[in-house]
Protein chains: 2
Amino acid sequence: MRISEQLFPRPVVLITTVDKDGKSNVMTASFVMPVSFSPKYVAVAIAPSRYTFKNISEVKEFGVNVCSEEMLEMAKLCGSYSGREVDKFELANLEKESSVKIRAPLIKNSPISFECVVEEMKEFGDHWLVVGRVVREVVRKERFKPLLHKSGGTFPKLKID
Amino acid sequence: MRISEQLFPRPVVLITTVDKDGKSNVMTASFVMPVSFSPKYVAVAIAPSRYTFKNISEVKEFGVNVCSEEMLEMAKLCGSYSGREVDKFELANLEKESSVKIRAPLIKNSPISFECVVEEMKEFGDHWLVVGRVVREVVRKERFKPLLHKSGGTFPKLKID
């Protein structure tokens, strides 16, 4: 069994970054969790082959944009292509929103976005663990159904609460 | 909004540990995620006031025992008391199972358990991030409905798949 089928489901987020020249990218991730309440910290695991990894290595900041259930197709698209080849914001029809404290843009389609500054990056197995301190958050919607991932093409759904 | 209400739901696990004298403890956690597929790595955030934190600081190993939906009461009990005062295995009626590669016991009630060796511990805000390499896993049940947590007493449920 893959570990993604063992520790599931996980909330899906879109990680936004820029490279040193300011070119932005977006990537889908679900190896993500809160680390601290106050100040808020977020951890995310990123494979070093990802374009996002290159960006975060250059500019140690990232946006975490939480996906609602309606954002399934956007999340799938941003997980299926590389920012090396296509502009995924355009491809997935994502609306960019300017950040205030980091260079990467946020995603207006998300109910909640976090602006994060990297405090730690370290390799573990086939991923790098990246820990960011939340320096600003945008809450566009307090009540939403989060998009969840298990493994591969499986996105389990929550019961209505 | 608390960060636990923003990045949700998260799978609930029971973290098992021992202190340097071999006394075991169990704690509920949901700030947990996979970090790497191969080798498998798991990250968990633990508040330094927890007895489990003292144990992991002394003996750098821990068990991750995934909770199924039926384990809600066990998880609540193991999240509401301190191992300083009570034997939570007994209180929550958990069945211990011997580990093979670590000293902490596993929990037989769980569908899946991981034996982990600590490779990193670092403080971020009000928690410590602990990263463990999975050195052995026990899969007792491949199909199960995971117990999920949002915040406080809210445990959202998955739709039947």
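Please read these numbers as outputs of a predicted model, since none were measured by experiment.

Conventions we followed
- Residues numbered from 1 in each chain as written.
- Chains lettered and ligands numbered in written order.
- Predicted model: local features only at pLDDT ≥ 70, side-chain atom pairs only at ≥ 80, totals over all residues.
- Heavy atoms only, no water.
- Least-squares fit on C-alpha atoms with pLDDT ≥ 70 in both.
- Core = buried A, V, L, I, M, F, W, Y, C linked by side-chain atoms within 4.5 Å.
- Buried < 20%, exposed > 50% of the residue type's maximum accessible area, 1.4 Å probe, protein only.
- Contact = heavy atoms within 4.5 Å.
- Patch = residues over 30% accessible without salt bridge, like charges linked within 9 Å, V, L, I, M, F, W, Y side chains within 5 Å.
- Areas by Shrake-Rupley, 256 points an atom, 1.4 Å probe, with all protein chains shown as cover.
- Salt bridge = Lys/Arg side-chain N within 4 Å of Asp/Glu carboxyl O.
- Helix = DSSP H or I, 4+ residues; strand = E, 2+ residues; numbered from the N terminus.
- Pairing = 2+ DSSP bridges.
- Buried area = accessible area lost by both parts, 1.4 Å probe.
- Polar contact = N/O pair within 3.5 Å; in protein donor to acceptor, adjacent residues only side chain to side chain.

(A) View of the relation of the copies chain B and chain A. The transform that puts chain B on chain A rotates by 180° and translates by 0.0 Å along the axis, for an RMSD of 0.0 Å. The transformation relating the two chain copies, once decomposed into turn and shift, fits a two-fold axis. Ranked by how close their C-alpha atoms come to the rotation axis, the residues of chain B are headed by B:Leu158, at 2.2 Å.

(B) Region of interest: the nonpolar core. A:Met33, A:Phe62, A:Phe114, B:Met33, B:Phe62 and B:Phe114 are the most contacted members of the largest nonpolar core, which has 66 residues in total. Beyond its immediate chain neighbours, meaning those up to four positions away, A:Phe62 contacts A:Ile15, A:Thr16, A:Thr17, A:Val44, A:Ile56, A:Ile102, A:Phe114, A:Glu115, A:Cys116, A:Val118, A:Val130 and A:Gly132.

(C) Inspection of a nonpolar patch on the surface at higher detail. Residues and elements named next belong to chain A. On the surface, a nonpolar cluster with roughly 230 Å² of combined accessible area is contributed by Tyr 81, Val 86 and Leu 91. Tracing the backbone shows Val 86 in the loop between α2 (72-80) and α3 (88-91). For Val 86, a relative accessible area of 30% corresponds to the partly exposed category.

(D) Just the pairing of strand β6 (residues 61-66) of chain A, in detail. All names here are of chain A. Counting buried positions along β6 yields 6 of 6 residues, so the element is predominantly enclosed. Because side chains alternate across β6, one face comprises the buried residues Glu 61, Gly 63 and Asn 65, and the other comprises Phe 62, Val 64 and Val 66, equally buried. For strand β2 (residues 13-18) and β6, the ladder comprises 4 bridges, and the chain directions are antiparallel. Across the sheet, Val 13 pairs through a bridge with Val 66, a residue of β6. Note: β6 against strand β9 (residues 112-124), 5 bridges, orientation antiparallel. For Glu 61, the partnering residue across the bridge sits in β9 and is Val 117.

(E) How the structure looks around the interface of chain B and chain A. Each partner contributes residues to the interface: chain B has 48 residues there, and chain A has 49 residues. Buried area between chain B and chain A, both sides added, is near 4700 Å², and the carbon and sulfur share of it is 73%. Between the two partners, chain B and chain A, sit 2 salt bridges. A:Glu120 is paired through a salt bridge with B:Lys122; the nearest N and O atoms lie 2.7 Å apart. Linking chain B to chain A there are 16 residue pairs in polar contact (both at pLDDT 80 or more). Only β1 (10-11), β4 (32-36), β5 (41-46), β9 (112-124) and β10 (127-139) of chain B provide two or more residues apiece to the side of chain B that touches chain A. Looking at the side of chain B that touches chain A, the element that brings in the most residues is β9(B), giving 6 residues.

(F) Summary view of helix α1 (residues 51-58) of chain A. Residues of α1(A) that are buried include every one of A:Tyr51, A:Thr52, A:Phe53, A:Asn55 and A:Ile56, and no others. In this structure, the buried side of α1(A) is in contact with β2, β3 (24-29), β5 (41-46), β6, β9 and β10 (127-139) of chain A.

(G) Spatial organisation of unusual backbone geometry. Residue and element names in this part refer to chain A. Omega for the bond connecting Phe 8 with Pro 9 falls within 30 degrees of zero, at -15°, which places this linkage in the cis form. Topologically, Pro 9 is positioned in the segment before β1 (10-11). If you check the backbone angles, Asn 93 has positive phi at about 60° while not being a glycine. Relative to the helices and strands, Asn 93 is located in the loop between α3 and β7 (96-97).

(H) Main features of the side chain of B:Gln6. Structurally, B:Gln6 is set in the segment before β1. With a relative accessible area of 0%, B:Gln6 lands in the buried category. Contact partners of B:Gln6, with chain neighbours within four places excluded, come to A:Lys40, A:Val66, A:Ile112, A:Phe114, A:Glu137, A:Val139, A:Phe144 and B:Met1.

(I) Fine view of the environment of A:Pro9. Look at A:Pro9 and you get buried, because its relative accessible area is 0%. Separated by 140 residues in sequence, A:Pro9 and A:His149 have C-alpha atoms that sit 5.3 Å apart. Excluding residues that lie within four positions of it along the chain, A:Pro9 makes contacts with A:Leu148, A:His149, A:Pro156, B:Pro9, B:Pro11, B:Pro146, B:Leu148 and B:Leu158.

All we've got here are geometric facts, nothing functional implied.
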